[in-house]
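Below, each chain spelled out in residue letters.
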Amino acid sequence: MGKTPKELYQEREKRVNDAIQLKVPDRVPFWFQDISFFPAKYTGTTSQALMYDDSVFIAAYKKTLTDFEPDMYFNPGHALHTPGDALDIIDSKQVKVPGREISPDHTFQFIEGEYMKADEYDAFLNDPTGYTISTYIPRTFGAMAPLATLPPISGLLLGYFGLPMASAFTTPEVTAAFESFYKAGLAISRHNSAVGSLNQELKAAGIPLACGQITLAPFDVLSDTLRGMRGLMLDMYRQPEKVLAAIEKLLPMLIGLGVSGAKMSGTLRVFIPLHRGAHGFMSLKQFETFYWPSLKKLMLTLIDEGITPCPFFEGDYTSRLEYLADLPKGKVLGLFDATDIFKAKEILGGTMCISGMMPLSLLQVGTPQKIKDYAKKLIDVVGKGGGFIMGPRSAMDECDPNLVKVWVEFTKEYGVYRS
Amino acid sequence: MSGDLKIILADLKEKDALEIVKNRLDTGGDPLSILDDARRGMEIIGKRFADGEYFIPDLVYSGEILKQITGMVKPKLAKAAPVKRFGKVVLGTVAGDIHDIGLNIVDFVLDVNGFEVLNLGVDVPAQKFIDKIKETEASIVGLSGFLTLAFDSMKKTVDAIKTAGLRGKVKIMIGGGQIDEEIRNYTGADAYGKDAMAGVSLAKKWVGGV
């Protein structure tokens, strides 16, 4: 008799947790990490439809995940971040949306810029919330531009003396801005409740959720959404003390985001996609100064709260493996992209569970034999003695469903640990 | 402030470098020799990048300092002396992909290593590459891509160059994100570069070993 979904759920959760705790599971677990827009390709729809139609989105994800039955899955609410209609309503300046600015078949793309200017560190440091409301949001959301006219919200700290500012909220422009915010919020609520029921269905089908929350490294927030890569790189030379102060300011916010989100979701694993600390993006000295200390503190605090950090080390981290080896044993799930697989296992094997490293090139245009050969190498080398979860190097958007099938079936069969 | 501009620029001492340039211009120094020193400084920076001593932030910062130096010198310049170049490279991120970090790094290192770079930017349709190859008679094409959608875009671009009858006249290299030998084979490009310096080595090899 087959196993019940509940038994399967427990079996998968145990398989994943054994790997994370560096024990030897019954077989190598596998997952798709950020499956991104692969479900569109797999079910024959477009990325645009996935972003704009909740029912298409839910059906595509459900079919893909229940067909392949991974040992855990990346929260689809995280993968797509925000439904397309909410981005339209708010007029986001930071993202190109499939079917709007780019092909309906491709993934959305982020538009980086200096949304915070070089001389605005003090404004941000002195009053992050005020800065967010009256400077940052008006720049990044077109519909919220009128908020730039509001007086400082901290004026309300004067109690009823501050109340006269309420009149600034009544202009037609500001009213329209808040109306857009409200409408975008409604779209997101609708989407969230669809994702919530999808998560329930997948749980009922016996597939555990991988991560309950996302948070980011403080440096990456500064680089991705505030100063932009170029701006922040110049700041590292011209105003390093401001950069460090901003990182210190962001750290507790990002810890809070990770801890509260994970606890609310009930899944105590937090995804941390890392962007600008990889080899090439800065020297080891800059890594030691600007990137690693706050990231390490973020991960250690999550661990203290009983949460497993799941950092995605995008790019090449081979030159940084010794730093990562400093983390507590069996408490972290590290997702790797272009890092040297042998060195990663050698240096980190006793520290953290390793996932990723399956080349997307093979899963997109390779041959079944090449895929089996590479997967075998990963299982033999990185999977040796446990502590390995099979996964792709990065987002699976364009993978060939038939090749993915070969990869999954081979992993399930060859990945069994035989003592 | 005095000192060797090329070394001070190579060491990324922004204020000192700008002060030297100002002093030299104020005291009737030759604008061309200032630009020549700056170019030598950038060559040292390119070498340090190749040696793994410098990284992207150093390139970005040096580019910013150089821009200011050029801005100060240009008004005093009758006409710029032509710099000897080894060859022309048409460069761009392929259609559908808007990522430009890798693209600009390759542009930088090719430039400081003596190539004339024709950077078409991001999301470049195949026809634009073809037009630029015809217009400039460049012998090397570099296709960049970060997202996996670039695999097909690169293949389409290489095919279009072939259809336009230009395939025999250009060498094509590809690179970025998830690109590897598998993708080189798929796209029909001549070579893939693992990083920016690999692109320089390929370009040098193709123009006849400089």
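Rules used throughout
Residues numbered from 1 in each chain as written. Chains lettered and ligands numbered in written order. Predicted model: local features only at pLDDT ≥ 70, side-chain atom pairs only at ≥ 80, totals over all residues. Helix = DSSP H or I, 4+ residues; strand = E, 2+ residues; numbered from the N terminus. Rg over C-alpha atoms; globule rule 2.2 N^0.38 Å. Buried ≥ 20, exposed ≤ 12 C-beta atoms within 10 Å, placed from the backbone. Contact = placed C-beta atoms within 7 Å. Core = buried A, V, L, I, M, F, W, Y, C linked by C-beta atoms within 7 Å. Domains from an automatic or database assignment. Bend = angle between axes of the 7 residues up to and from the residue.

Describe the overall build of chain A, with residues and values.
Scanning chain A from N- to C-terminus turns up 17 helices and eight strands. Over its C-alpha trace chain A gives a radius of gyration of 22 Å, about what one expects of a compact globule, namely 22 Å for 419 residues. Taken along the three principal axes of its C-alpha coordinates, chain A extends 75 × 50 × 35 Å. Evaluated residue by residue, chain A yields a buried proportion of 47% over its 419 residues. Of all intrachain contacts in chain A linking residues separated by at least 6 positions in sequence, the fraction that spans at least 24 positions is 72%.

Tell me what's going on with the nonpolar core, and back it up with residues and numbers.
If you look at the biggest cluster of nonpolar residues, it comprises 182 residues, and the most contacted ones within it are Tyr73, Leu363 and Ala375 of chain A together with Val109, Val141 and Ile174 of chain B. Two domains each donate at least three residues to this core, and these are domain 1 (5-76) and domain 2 (87-206) of chain B. Those residues in contact with tyrosine 73 of chain A, other than ones at most four positions away along the chain, are Trp31, Phe32, Leu65, Leu202, Ile207, Leu209 and Ala210 of chain A.

Describe helix α12 (residues 284-304) of chain A, and please don't skip the residues or the numbers.
The sharpest bend along α12 of chain A reaches about 45° and sits at tyrosine 291 of chain A, with the proline proline 293 of chain A one to four residues further on. Regarding α12 of chain A, the residues found buried are Gln286, Phe287, Phe290, Tyr291, Leu295, Leu298, Met299 and Leu302 of chain A. The inward-facing, buried residues of α12 of chain A contact α10 (218-238), α11 (240-265), β4 (269-274) and β5 (308-313) of chain A together with α4 (56-73) of chain B. Directly after α12 of chain A, the chain includes glycine 306 of chain A, whose backbone phi takes a positive value near 80°.

With reference to specific residues and values, describe the environment of leucine 295 of chain A.
Residue and element names in this part refer to chain A. Secondary-structure assignment places leucine 295 in helix α12. By the C-beta count within 10 Å, which is 26 here, leucine 295 ends up buried. Leucine 295 sits 196 residues away from glycine 99 along the chain, and the two C-alpha atoms are 36 Å apart. Look past the residues within four positions of leucine 295 in its chain and what remains in contact with it is Ala217 and Gly277.

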